[in-house]
Structure formats: structure tokens, C-alpha cells
Amino acid sequence: MYPWYDYQRRLSPLKLAVFIALFVPGLWTAAAFAIGALEPRPLTAAIHHIGLWTIRFIIIALAITPLKAILSWPRLILVRRMVGVAACAYVLIHFSLYVTDEAFNLATVAHEILVRIYLTIGFTALVGLCVLAATSTDGMVRRLGRRWQQLHRLVYPIALLALIHYFMQSKLDVWEPTIFFGIYGWLMGYRLLAARFAVRGWLPLYWVAALGPVAAALTALGEAAYFHLAFHAPLLRVVAADFSLQTGVRPAVVVLALGLAVALAGAVRAVTMPAPKGRTRFARLPASQPPA
Amino acid sequence: MLIRKRRGWEIPESAATSEAVFRDRRRLIQALAAGPVLASGLLGGGMRAMAADEADPSARLYPFKRNPKYTLDRPITDAKYVEYYNNFYEFGTDKDIADAAQALPIRPWTIKIDGMVEKPFTIGIDDLMKKMPLEERLYRHRCVEAWSFAVPWSGFPMAALMALAKPLSAAKYVKMETFMDPKVAPGQNQFFYPWPYVEGLTIAEANNELTFLVTGMYGKPEPKQDGAPLRLAVPWKYGFKSIKSIVRFEFTDKRPVSYWEALQSDEYGFWANVNPAVPHPRWSQASEREIGTDKRVPTLIYNGYGEYVAQLYAGMKGDQLFR
Ligand code: HEM
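Predicted model only: the values in this text are computed from it and were never measured.

(A) Focus on the overall build of chain B. Helices and strands together make up the secondary structure of chain B, namely 8 helices and 12 strands. Across the 323 residues of chain B, 42% fall into the buried class. Of the contacts made within chain B by residues no fewer than 6 positions apart, 72% connect residues no fewer than 24 positions apart.

(B) Focus on the confidence of the model for chain A. Averaged over all residues, the pLDDT of chain A is 90; the fraction at 70 or higher stands at 93%. Segment residues 283–289 of chain A is flagged for pLDDT under 50; beyond a separation of four residues in sequence, or across chains, it makes 5 contacts in the model.

(C) Highlighting the pairing of strand 12 (residues 295–298) of chain B. All names here are of chain B. Sheet topology note: the strand 11 (residues 287–290)/strand 12 ladder contains 4 bridges and is antiparallel. Across the sheet, the residue bridging to Ser 287 is Pro 298, located in strand 12. Counting the residues in the hairpin turn of strand 11 and strand 12 gives 4 residues, including Gly 292, whose phi is positive at 105 degrees.

(D) Structural detail: the site of the ligand. Residues and elements named next belong to chain A. As a matter of local geometry, the ligand sits amid 22 residues, with His 48, Gly 51, Gly 122, Ala 125 and Ala 162 nearest to it. The dominant element in the shell around the ligand, judged by the number of residues it contributes, is helix 2 (residues 42–70), at 7 residues. Class assignment for the residues of the shell around the ligand results in 14 nonpolar, 8 polar and no charged.

(E) The sheet that holds strand 6 (residues 198–202) of chain B, seen in detail. All names here are of chain B. If you trace the 5 strands from one edge of the open sheet to the other, you get 2-1-10-5-6, paired in mixed fashion. Looking at strand neighbours, the two that pair on one side only are strand 2 (121–124) and strand 6, the edges of this open sheet. For this sheet the average axis-to-axis angle between neighbouring strands, irrespective of direction, equals 20 degrees. Relative to strand 6, strand 5 (residues 173–178) runs antiparallel, the two sharing 5 bridges. Considered in strand 6, the bridge of Lys 175 is made with Gly 200.

(F) Up close: the domain arrangement of chain A. Residues and elements named next belong to chain A. For chain A, the assigned domains are domain 1 (1–169) and domain 2 (172–273). Its C-alpha centre places domain 1 at a distance of 23 Å from the equivalent point of domain 2. With 14 residues of domain 1 at the interface, the matching set in domain 2 holds 18 residues. Looking at the side of domain 1 that touches domain 2, the elements with two or more residues in it are helix 2 and helix 8 (155–169). By residue number, the principal contributor to the side of domain 1 that touches domain 2 is helix 2, which donates 7 residues. Of the residues belonging to the side of domain 1 that touches domain 2, the class tally is 13 nonpolar, 1 polar and no charged.

(G) Geometry of the packing of helix 5 (residues 117–134) of chain A against helix 8 of chain A. All names here are of chain A. At a closest axis distance of 8 Å, the pairing of helix 5 and helix 8 adopts a crossing angle of 150 degrees. In terms of their interaxial angle, helix 5 and helix 8 are classed as roughly antiparallel. Where helix 5 crosses over helix 8, the handedness of that crossing is left-handed. Along its contact with helix 5, which presents Tyr 118, Ile 121, Gly 122, Thr 124, Ala 125, Gly 128, Leu 129 and Leu 132, the element helix 8 presents Val 155, Ile 158, Leu 161, Ala 162, Ile 164, His 165, Met 168 and Gln 169. Its residues assigned to classes, the contact of helix 5 with helix 8 comprises 11 nonpolar, 5 polar and no charged.

(H) Spatial organisation of the nonpolar core. Residues Val 83, Ala 87 and Val 255 of chain A are the most contacted members of the largest nonpolar core, which totals 77 residues. Element by element, the count of residues in this core is highest for helix 2 of chain A, at 17 residues. The residues touching Val 255 of chain A, leaving out its near neighbours within four places in the chain, are Ile 179, Gly 182, Ile 183, Trp 186, Ala 215, Ala 216 and Thr 219 of chain A. Formed by 70 residues, the second largest nonpolar core is a distinct cluster that contains Ile 111, Met 158, Tyr 259 and Tyr 268 of chain B.

(I) Quick peek at the packing of helix 1 (residues 13–35) of chain A against helix 3 (residues 80–101) of chain A. Residues and elements named next belong to chain A. Helix 3 packs onto helix 1 with a crossing angle of 15 degrees between their chain directions and a minimal axis gap of 11 Å. In terms of their interaxial angle, helix 1 and helix 3 are classed as roughly parallel. When you trace helix 1 past helix 3, the crossing you get is right-handed. Only Met 82, Val 83, Ala 86, Tyr 90 and Ile 93 of helix 3 make contact with helix 1, whose side of the interface consists of Lys 15, Val 18, Phe 19, Leu 22 and Gly 26. A class-by-class count of the residues in the contact of helix 1 with helix 3 yields 8 nonpolar, 1 polar and 1 charged.

(J) Examining the environment of Glu 135 of chain B more closely. Residues and elements named next belong to chain B. Along the polypeptide, Glu 135 turns up in strand 3 (residues 135–143). Between the C-alpha atoms of Glu 135 and Tyr 62, which are 73 residues apart in sequence, the distance is 9.5 Å. Once you skip the residues sitting within four places of it in the chain, Glu 135 turns out to touch Phe 64, Lys 65, Asn 67 and Phe 156.

Rules of the game
- Residues numbered from 1 in each chain as written.
- Chains lettered and ligands numbered in written order.
- Predicted model: local features only at pLDDT ≥ 70, side-chain atom pairs only at ≥ 80, totals over all residues.
- Helix = DSSP H or I, 4+ residues; strand = E, 2+ residues; numbered from the N terminus.
- Buried ≥ 20, exposed ≤ 12 C-beta atoms within 10 Å, placed from the backbone.
- Contact = placed C-beta atoms within 7 Å.
- pLDDT = per-residue confidence, 0-100.
- Pairing = 2+ DSSP bridges.
- Near = placed C-beta within 6 Å.
- Nonpolar A, V, L, I, M, F, W, Y, C, P; charged D, E, K, R; others polar.
- Axes fitted to C-alpha atoms, helices over the stretch in contact; angles between N-to-C directions.
- Domains from an automatic or database assignment.
- Parallel < 35°, antiparallel > 145°, perpendicular 65-115°, else oblique.
- Left-handed = near helix turned anticlockwise from the far one by under 90°.
- Core = buried A, V, L, I, M, F, W, Y, C linked by C-beta atoms within 7 Å.

As C-alpha cells, this is what we get:
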């Protein structure tokens, strides 16, 4: 079955659009490589671009379950597998580029993976993503049944390993990885809250609204602790910087803005499209649908 | 020995992408780097002050006569790379800081020489250049990130500055400092880093014949992004030792803590001598990418300058000499 069909074998514009979009960063990187825009270190630049999109796809894949509930947009689930598989494809390209950069010397590659801890961690995440991608065909979903869901919960630690790899390879500027850690915190926090407080898969919006500030506060504290431990920066001054623009837009502020934007979007959606009476908030999906 | 008809940096137009095209391509790719979540607008508005274009009175001094003693084993790197591929964290953490660096005013530029010297003084860069023996040298430049340039630097031996400074015999180190001005260098607003940039050498290292103070490159005054108007070149050490835009030389008997050492002492130390056998904790230093040719070439001990400098470290042992 082609990836742009939904479960009724109808063309899904959503799936088609996402399918195409997933190719764009890779093709863009390839084109940039071809015209020399990645000079003077094209392989290194390509490793970085593809790595960035790998982690972005992982985070986007993790965001689909919360967003489909908050936005009452059940069809969003249709693209989750695609995004996850794309993350796996991108990390394989990321890794192949690394192997190319090491002049295909597999002994060196193996040695480096063993001795550079950030590569060991990245490689573990890569293996994990491959396992998940290999078990995401319809056939495997059916065959594994309940164990499929258990297995695919591995995506949470895999994402964490990927984030640690990203953070560790950063030289000095940890702005973007810090933001991703904050978003990851939000996504995991959502799952904890949903497991406890969700009603028919729907977490009340006030929980969603509260989650943003909490994730932002954790980001701020985590960042301050990191700068304090790593660079002996005064804790309070780092936290204080979150309240000014003097050092640019701090990661905690970005996390807060994203958290609030999601809550706001959920509220707008709830107001403009109240759930019809006598029906659950979600359209029921056909039985062949993989467990969410 | 190379026999040259044309100066090495005069690379024929056809041999290389023109600078303008090269820069446009670099810009294009920034759009890709900025993700959907992290639209570049969030970055607090790109600070892109353009050249203040104050006249550089030293321009008419160039080119300097090449000192034939210092030759290369590889082609000179195309100037466009050296001009647009820079680590200068004062202006941003990526390599593309050339535009932002144009905000730096480089005249007047006063250099302070103080600490353990016979008589502390300050001197303007143009007066200093008048007193110094100006020449051009071809050096390799090995970045700690495992890439390298080959650059025609213009400047003068640091030993000449040492003679002018007259350090006391009790002085053991010279500590160098980059300008500090967060208004022109936005990176310096990031107070959690130990600004200003500091580097240090022992007196013997500073007096070594290789140690070169740079005022220009490729037969022209130094571009701002490369550390105008005065930077260091110590080619046997990793690039971060070659401090840019220097405003102060302070002589001291205490070993200075350099910028990167203060940040990550297990990764970047005081000595930072190039050694292929001692890896950076996160990557191997065994080989390097030659910028321009994009060849991966083996890295040499002391970046190939052992005959000049190895004796500086006779009797000293340990990996910390090499990171
Ligand atoms: C799920 C797994 C992985 C993810 C999500 C990932 C992601 C990333 C990201 C986001 C970056 C930084 C990009 C930037 O800041 O510009 C990066 C850098 C890098 N990654 Fe990965 N990566 C993964 C696995 C691997 C593996 C298996 C290897 C090789 C064995 C690898 C090798 C590298 C290298 C060499 C760099 C550049 C480091 C440097 O320039 O200092 N990664 N990766």
C-alpha cells in the first residue's frame, strides 16, 4: 500500500503532504551539497544538517500523540509512522555520511564508536530506531500485537539518547539542544499527566496549559544548573537572563511560548468545534489501525 | 623550494568559485539550518551591522616582503575560505560571522603592554607597526576541530614586540586579551562565558622565532573576522591559541587561564600543541581536512614545526602538553 493512502485506501492529502515534506530537508541538503553551498567542509555540514533533521523528526513523531488529542485531530495519527520511519532513514544517512567522512574505514568507525562516548550513545539510538522502523510494517504490528506497543515505548529512551548525543557534540552553544530537551520534557510530562488524568484519551486543557510553564521552569533550571556546573556561572544570573532579551531569547522562553501556543490552539479548537453530543471526542478509527 | 611566477594567493579566477557566489550559497543554506520550530526570527534579530568603513591607514604598507624561510608543503588556501569560515565566538557561534564582525571599530586601536615589564605603556597599532620589522610568512593553521588552512600572514615576529616590551626577568608568561565590547560583539553578552577571550604563552614560546603577530593576510590588512587589527599566529598549536583582535599583553609570573581552558579544561588546555596521537576527548586528531582541497591529510606532530619548537618542551611530559 502506498504511503499516501489512508486505511480506507483513499488518497489522504495529509499523508501525501507529509510524505513529500519529509523528503525536503534531505533533498535540500543534497542540492546544497551538489552546488557547493556546504563548502568548505561539505561532509561535516551535511552530517550536521541531516543530524538536526533526525532529531527534529524524532521530536515531531513524539508530538503527534499529544497534538492529535489537544487539537481533536485524530487523523494526525496517520502520519506518525511515516515521521518515525523518516527519522530512521535520516539517521542512516547521517551515519553513512560519517562513514564517508572517515573514508569508509570501518575499523576507524568502529573504534571511534567505542571510544567516543557521544558516538556510542548515538549509535545505540540508531540501532534502536532501526528496530522500531523494522517492526512498523502492518504485518509486524499485527504479528506483535500487544508486544508491539511495549516495544515501541522504547522510543522514549531512544529519543533521550539522541538528545544526549546532540547535547554532547555541541561545542559551546547549547541553545537549540536545550530547547529540544525542554520540548522533550513537555512531551513526557504530557504522557505522565495523560496516564493519570486523561478522560477517554483527552487531557483537560488546564493540565495542558499548566504543563508549558512547568516545562519552561525545568528548562530554565536545567540550563542554569548546566552553566553553573560546567562553566561556574552564577545560578541566579542565568535564571535572571530568562527575563530579559540581553542574551537573546533564552531556551526556557521558547519552550514556554511553544507550550502556551499549543494550549491556546487547543482552546481555540475546543471553542470553535465543540464535541457533538452523544459521541466521544474522537471519530472511531477502523480496527486495522495500529494502537496509538 | 617552490619557484613562483605569481604570488601564491593570486589564484586564477577560473580556478575557484567567486567570492560573491560562494557567499550567496552560504546564505542559502542558513535557511535550511533554521528549523520550522526554531524560525530564525527567534534568534533575536540577526545583528548585521555593516562595515563602518573607517579608513585603514596601514593599507598602503601592503604587501609585505615574503620571508622565504617559511614555506608550505601544500597549496595556499583560497582566501575566500579564510575570510568566510571563522571561529570568532564574540560575533556568533557558527562559522558565518564575517558580516557581524564588520561592526568592530579597528581605528583608533590601542594596545596596552603592562604587568611585569620595565615600564608599562600603551601604543596605537599604526605606531607599533612603524617600529616593527614587517614581513610575510606562509604558515599552516590547524584548528582543534580537525581542519586546516595554509595562509600567507603579514605581520612581525613576536620577539620584536618582546624586545620593545622589556619584560622583567621574573615574568614567566605573557597573557593576551581580546577587546571587550558587548555593544559591537553580541556574543560577549553571554555572561556565562568568561569574556574577554584570553590566551597565554610562556616567555620562551613568545620569543620563539615562529611566534608571529599578524596584521594582515593575502597581502592586505587583516579582515575583521580574522582578528584585525592584531592577532597571533602560533602554527604549532591548535588554532584557538592564536588569539584575535588583541588589546593587551600582560606579563606575569602566574600561568594565565585561557578562555577555553576556563570553559572546558579537560578538552582545551594551556599548551594545546598539535599532536596526532593525542585525541580530543570527542574526536581523533590523527588527520585533518584540508580546507579548499577537502583532502583528508595526516596531522603532524607540532603541526610539522617540531624542528622549531620541540626543544621548548624538552623534559616536559604528558598528554596535557597536547590539548
Ligand atoms: C538517533 C541517532 C542520532 C541522532 C538523532 C543524531 C543527531 C545529531 C545532531 C542533532 C547533531 C548535531 C547537528 C548540529 O548541531 O548541527 C549530530 C552531530 C553528529 N553526529 Fe549524530 N545523531 C545520531 C546518531 C549518530 C551516529 C550513529 C553517529 C556516528 C557513529 C553520529 C555522528 C555524528 C557526528 C560525527 C556529528 C558531528 C560532531 C561534530 O561535528 O563534532 N550520530 N548528530
